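Take a look at the letters that make up each chain.
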Amino acid sequence: MAENKDLEKIVSWAKRRGYIMPGSEIYGGIGGIYDLGPYGVALKNNIKKLWWKTFVEDRDDVVGLESAILMNRKVWQASGHEAGFTDELVECKKCHQRFKADDVAEGKCPSGGAHELTEPKAFNAMFETYIGVVKDEDAKTYLRPETAQGMFTDFKQVLETSRKKLPVGIAQIGKCFRNEINTKDYLFRVREFEIAEIEYFVKPGDDEKSFDEWLKRWEEFVLSCGIKKENLQNYEHPKEGLAHYSKGTTDLQYNFPFGFKELAGVANRTDFDLKSHEEASGKDLKYFDEEAKEKYWPYVIEPTLGVERLLLAVICDAFEELESRTETTEAVTEKEIVLHLDPKLAPVKVAVFPLVKKISKEAREVYEDLKKCWPAEFDESGSIGRRYRRQDEIGTPFCVTFDFDSLEDQKVTVRDRDTMKQERVEIKELKNYLFEKLNII
Ligand code: ATP
């Protein structure tokens, strides 16, 4: 990863440009919680839209679902989360800081070598809450830490109503909550985030082939978000470190500014979940295979990805800090930031500038027309160079300048963010011209 992509620069740019900011900041913030500003939410929505189109709309074998964040507590008992969704917590006896046991070297406090740590203690990462007015054990449940359980509890109904046969996937994007011990890596490890995942139900025996297939599809999707292949790698979990439900898990890791870390993953969950829910609920969750005339619990392949982690990876991959490259009439000394986002994900697709305010009215007409098709911005303040820079920083792929010649020849100048090449294009051809280049979702 290029030197200039250090996290601090990205954090300060993201806040300055309305992408990502600390949550409740006027009260000093809150650990591991971030808000997305106007451009941040637009980029995230575009990522989710692309995901939904790729995996739900474009496929015949996957259907969508939105299950509730709050579920009956029995779900979390049957799934094993209440007993086992834990991290090992250690505390420094001297400075009282708390750490995830996995993150600290044998017996040493990260903030001072001589400090002694307590024995690891299990800490459940689910947020507890109560339903209704009485706050007792009967009313207790949790904010979901993953979306998968909704796909298992609704499996039978979704299959029946969609009239699908195996293999079939149920896809969902939704909020999840984890009371993480350590949240130092910005959006990478937060306490409230979205997961986009599919539970793909297959006949036992077809699971390994399906696993390999999904691993490929998952990588293709991440690449389609504009991420460079050299920044991705697979990590296969050793058998002894697997989650209790898993027969095999491979992570898709991204080269974040703090190293290669899990961005997404594919797990073979076997028939663990449907079996556990059948046992606990007493409801038959088996599938009747008409062809084979037999009933069984399907195996489940689970491709999963953290939307915030992908958002961060997309930003890290697109972020570039350059020596000044755009001329301005003002004395601009600071470096320039260009966000080379894939056009289909860019929050703003095109910006329109009148060369001077005197011709704003005519330029605005061009803008109003483009705005009917794409998110667009109109900017008439500062030099043209300044305006280019502002758009480069938020990742707008094209800028259109309306000048005095435009009044005569009905042409405008279109400037490309990455190549900085400029082309004169007829106003009546502008939409077609942009449509071809924007590759919209
Ligand atoms: P990690 O080992 O990094 O804690 P995990 O293996 O617990 O992650 P999963 O339970 O597989 O993660 O969650 C599915 C996806 O959700 C992950 O691939 C990751 O992209 C995302 N994710 C998990 N925890 C967080 C978090 N605290 N903040 C942001 N995204 C997360």
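Since the structure is predicted, the reported quantities are computational estimates derived from the model, not experimental observations.

So, on to the site of the ligand. Glu 180, Arg 189, Val 190, Glu 262 and Leu 263 are the nearest of the 13 residues found near the ligand. The side chain of Arg 189 places a nitrogen or oxygen atom 2.9 Å from an oxygen atom of the ligand. Between the ligand and Glu 262 there is a distance of 2.7 Å, counted from an oxygen atom to a side-chain nitrogen or oxygen. Within the complex, the protein chains bury 80% of what would otherwise be the 590 Å² of accessible surface of the ligand.

With that out of the way, let us pick up the domain arrangement of the chain. Here the chain is partitioned into domain 1 (3-71 + 146-315) and domain 2 (326-437). Once you take the C-alpha centre of each, domain 1 and domain 2 turn out to be 36 Å apart. Counting the surface lost from both domain 1 and domain 2, the interface buries some 1,200 Å², and carbon and sulfur atoms represent 62% of this. It is Trp 13, Arg 17 and Tyr 39 in domain 1 that bury the most area against domain 2; as a group they hold 39% of the surface buried on that side. At the junction of domain 1 with domain 2, the criterion picks out 2 salt bridges. Salt-bridge contacts for Arg 16 lead to Glu 393; the nearest nitrogen and oxygen are separated by 3.4 Å.

Read across the sheet, 5 strands follow the order 20-19-21-22-23 without closing on themselves; strand pairing throughout is mixed. Only two strands of the sheet have a single partner each, and these edge strands are strand 20 (376-378) and strand 23 (422-426). Averaged over all adjacent pairs, the angle separating strand axes in this sheet is 25°, with direction ignored. Bridging between strand 21 (residues 398-402) and strand 22 (residues 411-416) involves 4 bridges; their strand directions are antiparallel. Along strand 22, the bridge assignment pairs Phe 398 with Asp 416. On the sheet, helix 11 (residues 384-394) packs against strand 19 (350-354), strand 20, strand 21, strand 22 and strand 23 and is oriented at approximately 170° with respect to strand 19.

Now for the pattern of salt bridges. Should the charged atoms of two oppositely charged side chains come close, the side chains can pair. Summed over the entire model, instances satisfying the criterion amount to 44 salt bridges. For the salt bridge of Lys 175 with Glu 192, the shortest nitrogen-to-oxygen distance reads 2.7 Å. Here the residue Lys 175 occupies a position in strand 9 (residues 168-177), and Glu 192 occupies one in strand 10 (residues 192-202), the gap between them amounting to 17 residues. According to the relative accessible area criterion, Lys 175 is partly exposed, its value standing at 28%. Three or more residues are tied together by salt bridges with common partners; here these are Arg 73, Glu 82, Glu 128, Glu 137 and Lys 140.

Here the focus is the sheet that holds strand 6 (residues 121-124). The 3 strands lie next to each other as 5-4-6, forming an open sheet whose pairing is antiparallel. The strands lining the two open edges of the sheet, one partner per strand, are strand 5 (98-100) and strand 6. When strand polarity is set aside, the average angle formed by the axes of neighbouring strands in this sheet is 45°. Bridge count between strand 4 (residues 86-91) and strand 5: 3 bridges; the pairing is antiparallel. Bridge pairing in strand 5 links Glu 91 to Arg 98.

Listed under "binding site: substrate" (unreviewed entry) in the UniProt record, and renumbered for this structure, are Lys 100, Glu 146, Glu 302, Pro 303, Thr 304, Leu 305 and Gly 306. For the residues just named, distributed over 207 residues, the greatest C-alpha separation reaches 25.9 Å, placing them at more than one site. Considering the arrangement of structural elements, one finds Thr 304 in strand 16 (residues 299-306). Excluding anything up to four places from it in sequence, Thr 304 contacts Ile 195, Ala 196, Glu 197, Trp 218, Ala 264 and Gly 265. At a separation of 2.8 Å, a polar atom in the side chain of Thr 304 contacts the side chain of Glu 197. With near-sequence residues (within four places) excluded, Leu 305 lies in contact with Trp 51, Glu 194, Ile 195, Ala 196, Trp 218, Phe 221, Leu 263, Ala 264 and Leu 310.

With that out of the way, let us pick up a nonpolar patch on the surface. On the surface, a nonpolar cluster with roughly 290 Å² of combined accessible area is contributed by Leu 355, Val 356, Phe 404 and Leu 407. Inspection of the secondary structure puts Phe 404 in helix 12 (residues 404-409). When its relative accessible area of 39% is taken as the criterion, Phe 404 is described as partly exposed.

So, about the packing of aromatic side chains. If you walk through the whole model with that rule in mind, you get 21 aromatic pairs. With a centroid separation of 5.2 Å and an interplanar angle of 70°, the aromatic rings of Phe 188 and Phe 256 are classed as edge-to-face. Of this pair, Phe 188 sits in the loop between strand 9 and strand 10 while Phe 256 sits in strand 12 (residues 248-256), and the two are 68 residues apart along the sequence. Among the residues examined, Phe 188 registers a relative accessible area of 5% and is labelled buried. A relative accessible area of 1% places Phe 256 in the buried class. Note on Trp 214 and Trp 218: the rings are 6.2 Å apart at their centroids and 85° apart in plane angle, and the pair reads as edge-to-face. Highlighted residues: Trp 214 and Trp 218, both in helix 7 (residues 207-224), separated by 4 residues, approximately one helical turn.

Turning our attention to the environment of Phe 177. Checked against the element boundaries, Phe 177 lands in strand 9. The spatial distance from the C-alpha of Phe 177 to the C-alpha of Ala 125 is 8.5 Å, given a sequence separation of 52 residues. Contact partners of Phe 177, with chain neighbours within four places excluded, come to Ile 69, Ala 125, Phe 127, Leu 143, Arg 144, Pro 145, Arg 191 and Glu 192.

Rules of the game
- All residue numbers refer to position in the chain's written sequence, counted from 1.
- The model is predicted, so local features are restricted to residues of pLDDT at least 70 and side-chain atom pairs to those at 80 or more, both for listing and for counting; the totals for chains, interfaces and linings are taken over all residues.
- Side-chain numbers here rest on the full set of heavy atoms in the structure, without hydrogens or water.
- Any residue with a heavy atom lying within 4 Å of a molecule or strand is counted as near it.
- In protein, a polar contact requires one atom able to donate a hydrogen and another able to accept it; more generally it is a pair of N or O atoms within 3.5 Å, and residues adjacent in sequence count only if both atoms are side-chain atoms.
- In this description, accessible areas are obtained by the Shrake-Rupley approach with a 1.4 Å probe, and a residue is regarded as covered only by the protein chains that are shown.
- Marked domain ranges trace back to an automatic or database domain assignment.
- Buried surface area refers to the total accessible area, computed with a probe of radius 1.4 Å, that the two partners give up upon joining, counted for both partners together.
- Only one rule defines a salt bridge in this text: a Lys or Arg side-chain nitrogen within 4 Å of an Asp or Glu carboxyl oxygen.
- Should DSSP find at least two bridges between two strands, the strands are regarded as paired.
- We count a stretch as a helix when DSSP gives it H or I for four or more residues in a row; a strand needs E for two or more, and each element gets its number in order from the N terminus.
- For helices, the axis comes from a line fit to the C-alpha atoms of the stretch in contact; other axes are also lines fit to C-alpha atoms, and the angle between any two N-to-C directions lies between 0 and 180 degrees.
- Contacts between residues were defined by any pair of non-hydrogen atoms, one from each residue, lying within 4.5 Å.
- Only protein chains enter the area calculation, which uses a 1.4 Å probe; residues under 20% of their type maximum are buried, those over 50% are exposed, and those in between are partly exposed.
- UniProt positions are given in the numbering used here, feature names are shortened, and annotations may be inferred rather than shown by experiment.
- Within this analysis, patches are made of residues with over 30% relative accessible area and no salt bridge. Like charges are joined at 9 Å or less; nonpolar side chains (Val, Leu, Ile, Met, Phe, Trp, Tyr) at 5 Å or less.
- Think of it this way: a Phe, Tyr or Trp ring, Trp meaning its six-membered ring, pairs with another when their centres are within 6.5 Å, and the plane angle makes it stacked under 30 degrees, edge-to-face over 60, tilted otherwise.

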